[in-house]
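# Report on the structure
What follows is each chain in one-letter form.
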Amino acid sequence: MKSVKDKIVLITGGTNGIGRIMALDFAERGAKVVVWGRNPEALREMEEAGRSKGRFIKAMGCDVSDRAAVYRAADQVKKEAGPVDILINNAGVVSGATILDTPDEKIANTIAVNTLALFWTTKAFLPDMLARNEGHLVTIASAAGILGVTGLADYSASKFGAFGYHEAITMELQKKKTAVKTTLVCPYYIDTGMFEGVKTRFPLLLPILKSENTARRIVKAVLNNRRLLVMPSFVRNIFWLRMLPASLFDGTIGFLGINSTMDHFTGRKQ
Ligand SMILES: NC(=O)c1ccc[n+]([C@@H]2O[C@H](COP(=O)([O-])OP(=O)(O)OC[C@H]3O[C@@H](n4cnc5c(N)ncnc54)[C@H](OP(=O)(O)O)[C@@H]3O)[C@@H](O)[C@H]2O)c1
């Protein structure tokens, strides 16, 4: 397991859900953690959480859907903290409605936050990693980036995008023969509140994941330079299920109840 002592770890969306838990875990391990988010109260609370434990957590306001804001915030991080060692692209949003019920602005925002932002943060921080021949890019995608689900058209599209971005970047880095590492994370639903109301038909095979455990497994995967983390591992079956004829594939996904998981989605209460 690699050490993150005094390493700079930047987590987008590090003020809530699994991002927050990962931030505290990395800080506990001696890393200098920078979190980005929009909610000023949540940002203040993160810095306070770091201070109260004697750990380094710097919380910065940055809307990752705003390309100029990402580049500005990245410059500030480099000036004030130094080059980023581990970049965790974690910020995410979900609309949670069928395509015709999702306003255009929500669709555009989902793609901007869940997909496009990965490009801006990578362009901001990867050059330093390449120059130093060390670093780690982590993408929090989703099981919905492996399988399209009713009620998640924009979200699934954005996470398939995240998956594709991540795989291509990994190939680019391999071709460059750099020591920069990558980790792709594809979790099923997690109990953070983002997907409040979702139901799973076979909880033994496809449980709603616990946020604390999920975040800690992601941290461990990063420390072990693991390439791919799919949670729960049953979700990996989707890769080979795709070899079935389309009707059999659809029937299996329907039987597993995956296509009905969003039927009672409410999302996080504001
Ligand atoms: N929860 C699940 O079931 C699940 C399953 C699979 C994958 N994932 C993925 O895992 C990641 C974390 O999910 P979570 O459940 O922990 O989410 P969460 O609890 O809703 O937290 C999302 C974080 O993203 C930040 N964020 C949202 N929009 C942003 C923006 N435009 N700019 C900067 N920060 C922004 C939020 O902070 P502010 O609101 O303050 O900006 C918050 O800190 C996401 O990428 C999500 O898609 C989640």
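All of the points below concern the structure found in this document. What you see is a predicted model, and the numbers here were worked out from it, not measured in a lab.

Let us now look at the packing of helix α4 (residues 104-132) against helix α5 (residues 153-176). Taken N-terminus to C-terminus, the directions of α4 and α5 make an angle of 15 degrees; their axes are 8 Å apart at the nearest point. Looking at the two axes, α4 sits roughly parallel to α5. Where α4 crosses over α5, the handedness of that crossing is right-handed. From α4, Ile107, Thr110, Ile111, Asn114, Thr115, Leu118, Phe119 and Thr122 reach across to α5, where they touch Asp154, Tyr155, Ala157, Ser158, Lys159, Gly161, Ala162, Tyr165 and Ile169. Partitioned by chemical class, the residues of the contact of α4 with α5 number nine nonpolar, six polar and two charged.

Put simply, helix α1 (residues 17-28) and helix α6 (residues 211-223) touch, their axes get as near as 9 Å, and they point 55 degrees apart. On the basis of the axis angle, α1 is oblique to α6. By crossing handedness, the relation of α1 to α6 is classed as right-handed. Between α1 and α6, the contacting residues are Gly17, Ile18, Ile21, Met22, Asp25 and Phe26 on the first element and Ser211, Glu212, Thr214, Ala215, Arg216, Ile218 and Val219 on the second. Tallied by class, the residues present in the contact of α1 with α6 amount to seven nonpolar, three polar and three charged.

Near the ligand there are 30 residues, and of these Gly13, Gly17, Arg38, Asn39 and Gly92 occur at the shortest range. Contributions of two or more residues to the shell around the ligand are made by α1 and β2 (32-37).

Of all five residues in strand β1 (residues 8-12), five are buried; the element is thus mostly enclosed. Judged by which residues are buried, β1 turns out to be covered on both faces: Ile8, Leu10 and Thr12 on one side and Val9 and Ile11 on the other are all buried. Inspection of the sheet shows β1 paired to β2 by five bridges, in the parallel sense. Bridge pairing in β2 places Ile11 opposite Val35. Handedness of the β1-α1-β2 crossover: right-handed.

Right, let's talk about the nonpolar core for a bit. Counting residues in hydrophobic clusters, the biggest one holds 70 residues, and the most contacted among them are Val9, Met22, Ala23 and Val33. Not counting residues within four places of it along the chain, the set of residues in contact with Val9 comprises Val4, Phe26, Ala31, Val33, Asp85, Ile86 and Ile88.

Rules of the game
- Residues numbered from 1 in each chain as written.
- Predicted model: local features only at pLDDT ≥ 70, side-chain atom pairs only at ≥ 80, totals over all residues.
- Axes fitted to C-alpha atoms, helices over the stretch in contact; angles between N-to-C directions.
- Helix = DSSP H or I, 4+ residues; strand = E, 2+ residues; numbered from the N terminus.
- Parallel < 35°, antiparallel > 145°, perpendicular 65-115°, else oblique.
- Left-handed = near helix turned anticlockwise from the far one by under 90°.
- Contact = placed C-beta atoms within 7 Å.
- Nonpolar A, V, L, I, M, F, W, Y, C, P; charged D, E, K, R; others polar.
- Near = placed C-beta within 6 Å.
- Buried ≥ 20, exposed ≤ 12 C-beta atoms within 10 Å, placed from the backbone.
- Pairing = 2+ DSSP bridges.
- Right-handed = clockwise from strand over helix to strand, strands pointing away.
- Core = buried A, V, L, I, M, F, W, Y, C linked by C-beta atoms within 7 Å.

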